Amino acid sequence: MLLSQLKEGEDAMILRVGGHGSFRRRIMEMGIVPGTEVHVEKYAPLKDPLELLVKGYHVSLRVEEASLIAVEKMADRGQAQ
Amino acid sequence: MSKKRFTIALAGNPNSGKTTIFNNLTGSHQKVGNWPGVTVEKKEGLIQRRGYEILVVDLPGTYSLTAFSIEEVVARDFILEGKPDVVISIIDASNLERSFYLATQIRELDCKVIFALNMADLARANGITIDAEKLSRLLDVKVAFTVGNKNEGVEELLDMAIDVAESGKAAHPERRVRYNREIEDEISRIKDAIENCGKPFYNSRWLAIKLLENDRIVRDRITEAMGIEKGSEILALVDERRVHLSDIFDDDPEIIMTDERYGFIAGLVKEVVTLDRKSRTDISRNIDMVLTNRYLGFPVFLFFIWLMFQATFTLGAYPMEWIEKGFGIIAAWGGACLPDGLLKSLIIDGALAGIGSVAVFLPNILILFFCIALFEDTGYMARTAFLMDRIMHMIGLHGKSFIPMLMGFGCNVPAIMATRTLESRKDRILTIMITPFMSCSARLPVYLILAGTFFPRHAGTVIFFLYLIGILTAVVTGRLLRSTVLKGDDAPFVMELPPYRKPMLKSLLIHMWDRAKMFIKKMGTYIFFGSIIVWALSSFPMHISYSVDYDAKIHAITTKFSELSASATDREKIKQLEAEKETAISELMAAKRKEKATKTYMGKIGQTISPLFEPLGIDWRGSVALLAGVVAKEIVVSTMGVLYSGYANDDGRGNLGAALRSSGMTPLAALSMMVFVLLYLPCIATLTTIKQETSSWRWAAFNLTYTTVVAWVASWAVFNMGKMIGIG
């Protein structure tokens, strides 16, 4: 599934970052690389962009950009984060 | 004998506390300028320690050293070309993995590096324990702990940097990121090829890595340094190996290498960090429960903005008054001391009046900058971009464009300077181009006069719609430019939401002052000369042949009244006569000034260009006022004061209003003029700021032309549509 399909509070593992050259590289340089866990912290009040928790820090992405990232949803671990 | 000199460069992520450490190291010995050729702020400071003169350079905050943004290129070039003796890589200890991404890249450059684990206290509070010794051993770098905002460990860091600089020992080349076998093989193949061509200009392993990553700048430099022949040979080899790697991994080599670096970092972190999850707290997260909350986010944001404008304009009004009074006192004193004549007029009406009209904005600008610095230093700025991005994205802009545009309502000059927070050059230029349509506070006096006179009952509504027209024009322009000249994808919105931090007064003041200084500099140069030019145009030619001999008439009146009062007996009568005399004289003086205004160069220019404004319903006097407004838009009012009523010192607004009405100006013409004032070219100060921030006269010229054409078309449309539906 896609990162943009996750709901607030859900966790996932990144499988693949799509998109073209510089965007992809930029995303990955910020630590959003395959194998990393992400937590969807929240969506902005207008539903775009969204806030993620990755490698212990908060980062925001547009929904459009999140739809280029393939993830595997992880079992609900409650509020363990 | 001159002292021995070292250069220390500070590198780190944005929000890593780098600037705080820089401020602590250099204190007030800072110099702020631009990096050559680009509008990236360069900060450096010269300090003395242990008999050395140490130049500390604050590199732009970046997440990486690839060549995507100007900041990255600047930082990288300085490390490579500027050859600093030591690079201090500032690492946010509470955000290790991402910070290491940059730090390991710096390590790869094989310069002398120190890792400063900053915000160590925060990391500890988050349950992160870092084994510095092990880290130091694994990467063969010196490691220091610092708490920038408490000024802890900063002295020790400096001493360590001096030790490392003195030691002369280069870093151990083996202890850096290792990639997987296939990539390492290709690295050494290309490295050998480079070394076979003679002594490489940089570290050859680094060059090989960058070539494999398809780094444009390094590619260009290879041909530059090695000559076309050898250069293309190497590049051909690189291209071939890149294809080979892409085949193996089914992905671009640069992506694989990014992934590998993070893999290496994950391993490193596992080695040196112990996590105690229980004690982990995230205060920022709790704050964001309110500040970016679905329902509360916007109201709170609007409240902060309201507060900022209140502070700027209400609080700023007091010192504004003092400055106005101060200039008044200086002018009065100068008027009394200087002999009448050209010099006096030049100093008082030209230079002093010009500078004074802009200096009154200094308090506003200082307060505005202070608020912006507060937003930035606390971390709220990123949240405003997070909240606003959706809306700004519709115009093809980034969420971060919102604050500069908002500041435009205060003054366009700081607003345009604030676009520096935008990373992509296209976004920055686009924001700069549309910000002048935000109606700045200097335009307000013009609306107040015109709307107040011609739409007394609906002045508020009219002014509101003017602001709205400005915003709409900005939106349309944004979309237009985005789909034409500034085409291209907008930069990805990958933006860190840094933890909230308690702002430090010292750094707030430094931030505020750095920017205000630029404003003052501009005031001292461009605006100074601009107002002198306008003064000259409106005071020459000196000797005008008047249609009436005003001086003789005044003289006649004086004699007549002194005869009358001599023959008068009671005091009341004398008083009355005096008053009559005063009125008669001031009427004559006004008529003289009015005639003079039409016969000076300014008046002549106005009359020459007035055919251009006729279709807009603006007469030649309006044209002159608009022309004078180029220096600063508030001058439009004072010029109208001179031209319409002849009362240069028009303090009663009603006066000018009545004069305007009797001059035959219709409400529709007034509306057209207001629209023109709203949209036409920004003042000289704004234009020069545009030139400075885009580092191109072309953009300034484009803005000048574009805004003026838009203003003309819009005013024409307003005037003619108004006539069609029968107003005015």
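Everything here concerns the structure above.
Residues numbered from 1 in each chain as written. Chains lettered and ligands numbered in written order. Predicted model: local features only at pLDDT ≥ 70, side-chain atom pairs only at ≥ 80, totals over all residues.

### Things to note about the interface of chain B and chain A
No. 1: Each partner contributes residues to the interface: chain B has 27 residues there, and chain A has 28 residues.
No. 2: At the level of secondary structure, the elements contributing two or more residues to the side of chain B that touches chain A comprise helix H3 (96-108), helix H10 (253-272), helix H12 (297-337), helix H15 (380-394) and strand S10 (495-496) of chain B.
No. 3: If you tally residues by element for the side of chain B that touches chain A, the top one is H10 of chain B, at 5 residues.
No. 4: Partitioning the side of chain B that touches chain A into residue classes produces 13 nonpolar, 6 polar and 8 charged. (Contact = placed C-beta atoms within 7 Å. Helix = DSSP H or I, 4+ residues; strand = E, 2+ residues; numbered from the N terminus. Nonpolar A, V, L, I, M, F, W, Y, C, P; charged D, E, K, R; others polar.)

### Thoughts on the environment of isoleucine 355 of chain B
Residue and element names in this part refer to chain B.
No. 1: Within the secondary structure, isoleucine 355 is located in helix H13 (residues 342-359).
No. 2: Take isoleucine 355: there are 16 C-beta atoms within 10 Å of it, and that puts it in the partly exposed class.
No. 3: Sequence-wise, isoleucine 355 and arginine 49 are 306 residues apart; in three dimensions their C-alpha atoms are separated by 42 Å. (Buried ≥ 20, exposed ≤ 12 C-beta atoms within 10 Å, placed from the backbone.)

### Here's the deal with the sheet that holds strand S4 (residues 57-61) of chain A
No. 1: Taken together, 6 strands build an open sheet; the order of strands is S5(A)-S1(A)-S2(A)-S3(A)-S4(A)-S10(B) and the sheet is antiparallel. The open sheet is flanked by strand S5 (69-73) of chain A together with S10 of chain B, the only strands paired with a single partner.
No. 2: The sheet contact formed by S4 of chain A and S10 of chain B spans 2 bridges and is antiparallel. Across the sheet, the residue bridging to serine 60 of chain A is methionine 495 of chain B, located in S10 of chain B. (Pairing = 2+ DSSP bridges.)

### Comments concerning the packing of helix H29 (residues 684-694) of chain B against helix H30 (residues 697-725) of chain B
All names here are of chain B.
No. 1: Following both chains from N to C, one finds H29 and H30 inclined at 145°, their axes separated by 7 Å at the closest point. For the crossing formed where H29 meets H30, the hand is right-handed. Residues Leu687, Ile690, Lys691 and Thr694 of H29 form the contact with H30, whose participating residues are Trp697, Trp699, Ala700, Asn703 and Leu704.
No. 2: Here the contact of H29 with H30 is composed, by residue class, of 6 nonpolar, 2 polar and 1 charged. (Axes fitted to C-alpha atoms, helices over the stretch in contact; angles between N-to-C directions. Left-handed = near helix turned anticlockwise from the far one by under 90°.)

### Section: unusual backbone geometry
With the exception of glycine, the majority of residues adopt a negative phi angle, and the majority of peptide bonds are in the trans configuration.
No. 1: With an omega of -5°, the peptide bond running from aspartate 48 of chain A to proline 49 of chain A counts as cis.
No. 2: With respect to the secondary-structure elements, proline 49 of chain A resides in the loop between strand S2 (37-43) and strand S3 (50-54).
No. 3: Located in the positive-phi region is asparagine 214 of chain B, a residue other than glycine, with phi close to 65°.
No. 4: Within the fold, asparagine 214 of chain B resides in the loop between helix H8 (204-212) and helix H9 (216-249).
No. 5: The class for asparagine 214 of chain B is partly exposed, based on 17 C-beta atoms found within 10 Å.

### Digging into helix H20 (residues 459-483) of chain B
Residues and elements named next belong to chain B.
No. 1: Under the 1.5 Å per step criterion, the end-to-end length of H20 is 36 Å for 25 residues, consistent within 8% with the ideal 36 Å.
No. 2: Taken as a whole, H20 has its buried residues at Ile463, Leu466, Gly470, Thr473, Ala474, Gly478 and Leu481.
No. 3: The inward-facing, buried residues of H20 abut helix H18 (425-434), helix H19 (444-454), helix H28 (667-679) and H30. (Expected span 1.5 Å × (residues − 1).)

### Quick notes on the packing of H8 of chain B against H9 of chain B
Residues and elements named next belong to chain B.
No. 1: Taken N-terminus to C-terminus, the directions of H8 and H9 make an angle of 60°; their axes are 10 Å apart at the nearest point. Judged on the interaxial angle alone, H9 and H8 are oblique. For H8 against H9, the interelement crossing comes out right-handed. Across the interface between the two elements, Leu207, Lys210, Leu211 and Leu212 of H8 pack against Val218, Arg219, Val238, Arg241 and Arg242 of H9.
No. 2: Of the residues contributing to the contact of H8 with H9, the split by class is 5 nonpolar, no polar and 4 charged. (Parallel < 35°, antiparallel > 145°, perpendicular 65-115°, else oblique.)

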